[in-house]
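A structural walkthrough
Each chain, letter by letter, is given below.
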Amino acid sequence: MSESRVPEEEEGTVLFRVPLPKDLGALRELAPLIIKHHYEIDYIHSYAQDSPFFAGLANKRLLGTRCGNCNYTYATPRAHCMECGGPCDWVDLPQEGQIHTFTVCYYGSEAFLKETPFILALIEFPGVDTLFLTRVVGLDPQASSLDWIGMAVKAKFRRLSTFRPTDVYFVPIGT
Amino acid sequence: MRPVYAVSGGVSKFARARPELDFRGMVKEAYDYALTDLHLTPQRAREIVDGTICSYFSDHFTRQLKAGSMVQDYLGLCPKPGKRIEGGGATGGLAVQSGWEAVASGRFDICVVYGFETMSRVNTWKGNEFIALASDTNFDYPVGGFYSGYYAMMVVRHMKEFGTTVDQMALVSVKNHRNALHNPYAQKRRQITIEDVRRAEMVAWPLTMLDICVMSDGAAALILCSEDGLNTLHKATGHTPLPAKITGVGGGLDAMRMADRPHGEVILLPHEKPEDYRGLNYPGVHSFRAGRTAAKAAYQMAGITNPLEELDFIELHDAYTSSEIQTYEDMGLCRYGEGGKFVESGTPFMPAVDYGYHFPEQGRIPINPSGGLIACGHPVGATGIMQGVFALWQLQGSIHTHFGSDVLQVKNARRGAIHSHAGTGTYVVISILEKGE
C-alpha cells in the first residue's frame, strides 16, 4: 500500500533570526518558538545487592533468592523478603518453567523500537513463589494465542554477557 | 479530622500538544477558571488561599526541577506553603488526597490542588521510554520496558483466567470515546465501533491503539476547603459556593515488579464471601491488589457496603480498556472475573446516549461519563485532579454550565467516586465525593 503523505521528520530548520512587529502589543499573537535541544547522560549505576544475579547470568546460572526465615522463594531476586523482612539467600532457579502470561510488542519505548515485534513473558517455575520477566524467542509473533500460556520453556544465555537481564531469554522446549 | 469540601475546579484543555502555553500557563488557565466559577478574583484569592499541592509525574518530561515553585510564583501564591506530590499515574489522585489531608488536619482552610504534564516535549516513543522508567530499571525496563506491554500481559492472564474477550475490552473504548463527544475538554471525541477498535493498529497483543490512552499536555486545578474556608469564601465573594463533601479516601500500593505479586487469597469487600472466590489465586497479575485495598478503605470511611447500589457514577483510571474492566472488579462493582460481562451488560454506559449497540442494563452506574483517560487524554499530573473537577461538576449538577450540554450530566448524582492508578497497579487511590447539603 502506498502512503499518500510525506513522512514527518523532526529535523526542523536552523533559524538564527526572527522578525519582531513594531507594535509590541502584537507579540501576544506571536506563534510559539519551538527549539530542539539534545540531552544525554551516562549513569554510573551499581547493581548493588542485586549484583549476584547478573554475575550468575554471565556463568549461565539463573539465580533467585530464598528467604532464610520463611522460605518464600523469589524468581526475580531481592535481598530481603517482602513477606517477612528476613534476609534472603541466593539459590539456583530451575532453568525450565512455563509461560504464565505474555504479549507481543509491536511498538515499544524508543530504545526497543528496532527490536519489535518481540515477545515479552512472565515465567513461572515449579516450587518458586514469584515470576520472572523475560523475552521469549522461537515463537511466531503473528501466531500469538492464549494457548501459549502454560507452554514449557527453558532458559538460554548469551555467550557474551552484557550484564543486563536480557543476558537470559527463554525458548520453547524442543527448539 | 475536619470535614473537607471541593468547591471549584478548572481544566486546561487536554491536547496532543500545547506549545502556546508552558506548564505554568496551563495551570494558570485552570486555576483562573476555578476562581471565576467562585466569583473570586486572583487578588482576593492571594489573600485567602492558605497553601497548595502541586502534582506532576515526570521530571524527565519537565526537565525543570522544582517546577511546583515556578507554578506557585506564576499564580501569585508566593510565599504561601506548598509541596509537590508524585506517584506515577496516580499522581493527580494522590495530590487530591494530600489536599484533603492538609484541610482535614486543620493546617489549611483553603487549599488549591493543581497539576499538569507536558508530554509533547518528546516524541511518543521517547515518552514511552520515560514512562517505562517507572518500572524496575534493573529487571523490567531493560527487557523491553513498555507499559502497554505490561498491561497487555496482565489482561492476557485475565482473559485466560476468566474468559474476558477483546470485544468486551473494545466496548470500553466505544463507551469512553462516545461519551467524550459531549465533553469539550476531551482530546479524542469520536463515535467508533468494536470493529474500529479491533482493526486499529496492534500495539501490544491484544491491545490496539484504540485500547490505550494517549499522551497529552494539559493541567487541572481543584479548590478544597474546610467549613471555615467555605465561610471565608462566602465573605470574600458574596456568593455561597456549591460544595461536594469528600467523605472517603483510600489508598494502596503494590510491588513495583508485576513478577513479585503474590498468588494468595482475595481481599474481600463487605458484600463478598470467601466462597465467591474458591480456587482463585489473587491478585496474580490479573488484578490490582492496591485498587481493592484503596476501595475497601474508601468505602469503609464513606459507609458504603455495596458500591454498585450506593454510588451514582465513577470517574476511573482507564489508561487501558483492560484496566477499566479490571478496576470494575477491584472496586467491587462485580465479582472478580465478571468485568467483561459487566461492560457487555451496558451497566457502565450512560443511560440515554446511543452507542450503536443494544444493552440489557444500560446506564445503571455510568463509569467515565467524561470519556475517561482513553478519550480525555492523560497528562499524568493533571488527570486525577481532572477527575475530581468532573466529579464535583456532576454533584453540583453543573455539567451543562461547563460542558455546554446536559448529555453527560448523571441525573440526581448524589455520590460519586474518583479512582487514580499508577503503573501496573503500584499506587492506587480512591476518593468518594458527595453532594453537599
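Here's what I pulled together on the structure shown here. Source: prediction; values computed, not measured.

It is worth spelling out the overall build of chain A at this point. Summing up its helical and strand segments, chain A has one helix and eight strands in all. Rg of the C-alpha trace for chain A: 24 Å, well past the compact-globule value of 16 Å for 175 residues, more than 25% over. Taken over the C-alpha atoms alone, chain A extends approximately 75 × 45 × 30 Å along its principal axes. The proportion of buried residues among the 175 residues of chain A is 31%. Look at the contacts in chain A between residues 6 or more apart in sequence, and 48% of them connect residues 24 or more apart.

Here we come to the overall build of chain B. In terms of regular secondary structure, chain B is built from 18 helices and 13 strands. Rg of the C-alpha trace for chain B: 20 Å, near the compact-globule value of 22 Å for 437 residues, within the 12% margin. In terms of overall dimensions, chain B has a C-alpha envelope of 60 × 45 × 40 Å along the principal axes. Within chain B, contacts between residues separated by at least 24 positions form 78% of all contacts whose residues are at least 6 apart in sequence.

Opposite the 37 residues of chain A that make contact, chain B presents 33 residues. Taken together, the residues of the side of chain A that touches chain B sort by class into 22 nonpolar, ten polar and five charged.

All names here are of chain B. The contact between helix H8 (residues 147-162) and helix H14 (residues 321-330) brings their axes to 9 Å, and the two run at 50°. In terms of orientation, H8 and H14 fall into the oblique class. Considering only the axes of H8 and H14, their crossing is left-handed. Where H8 approaches H14, its residues Tyr151, Met154, Val155 and His158 are matched on the opposing element by Ser322, Ser323 and Gln326. The residue inventory of the contact of H8 with H14, partitioned by class, reads three nonpolar, four polar and no charged.

The next point concerns helix H1 (residues 23-37) of chain B. Residues and elements named next belong to chain B. An ideal rise of 1.5 Å per residue puts 21 Å on 15 residues; H1 measures up with 21 Å between its terminal C-alpha atoms. Within H1 the residues assigned to the buried category are Phe23, Met26, Val27, Lys28, Glu29, Ala30, Tyr31, Ala34, Leu35 and Asp37. Residues of H1 that are buried in the fold lie against strand S1 (4-15), helix H2 (42-48), helix H3 (59-62), helix H4 (67-74), strand S4 (110-118) and strand S7 (217-225). With its phi angle positive at about 60°, histidine 39 sits one or two positions after the end of H1.

This paragraph deals with helix H5 (residues 91-104) of chain B. Residues and elements named next belong to chain B. Counted at 1.5 Å a residue, the expected span for H5 with its 14 residues is 20 Å, and the 20 Å between its end C-alpha atoms agrees. Within H5, twelve of the 14 residues are buried, leaving the element largely enclosed by the surrounding structure. Looking one or two residues beyond H5, the residue adopting positive phi is glycine 106, at roughly 95°.

All names here are of chain A. Position of valine 136 relative to the elements: it lies in strand S6 (residues 132-136). Exposure remark for valine 136: the 21 C-beta atoms within 10 Å place this residue in the buried category. Separated by 121 residues in the primary sequence, valine 136 and leucine 15 place their C-alpha atoms 47 Å from one another.

A few words now on the sheet that holds strand S2 (residues 73-74) of chain A. Residue and element names in this part refer to chain A. Strand order in the open sheet formed by three strands is S2-S1-S3, with antiparallel pairing between adjacent strands. One side of each edge strand has no neighbouring strand; the edge strands of this open sheet are S2 and strand S3 (88-92). Pairing of strand S1 (residues 63-67) with S2, which is carried by two bridges, proceeds in the antiparallel orientation. Bridge pairing in S2 links arginine 66 to threonine 73.

Turning to its location among the elements, glycine 436 of chain B is positioned in the segment after strand S13 (427-435). The spatial distance from the C-alpha of glycine 436 of chain B to the C-alpha of arginine 414 of chain B is 8.6 Å, given a sequence separation of 22 residues.

Residue and element names in this part refer to chain B. With seven of ten residues buried, strand S8 (residues 244-253) lies mostly within the body of the structure. Of the strand pairs in this sheet, S1 and S8 are connected by three bridges, and their pairing is antiparallel. Within the sheet, the bridge partner assigned to alanine 6 lies in S8 and is alanine 244. In the sheet, S8 pairs with S13 via nine bridges, with the strands oriented antiparallel. Within S13, the residue paired with valine 249 across the bridge is serine 431.

Each value, and the rule that gives it
- Residues numbered from 1 in each chain as written.
- Chains lettered and ligands numbered in written order.
- Predicted model: local features only at pLDDT ≥ 70, side-chain atom pairs only at ≥ 80, totals over all residues.
- Helix = DSSP H or I, 4+ residues; strand = E, 2+ residues; numbered from the N terminus.
- Rg over C-alpha atoms; globule rule 2.2 N^0.38 Å.
- Buried ≥ 20, exposed ≤ 12 C-beta atoms within 10 Å, placed from the backbone.
- Contact = placed C-beta atoms within 7 Å.
- Nonpolar A, V, L, I, M, F, W, Y, C, P; charged D, E, K, R; others polar.
- Axes fitted to C-alpha atoms, helices over the stretch in contact; angles between N-to-C directions.
- Parallel < 35°, antiparallel > 145°, perpendicular 65-115°, else oblique.
- Left-handed = near helix turned anticlockwise from the far one by under 90°.
- Expected span 1.5 Å × (residues − 1).
- Pairing = 2+ DSSP bridges.

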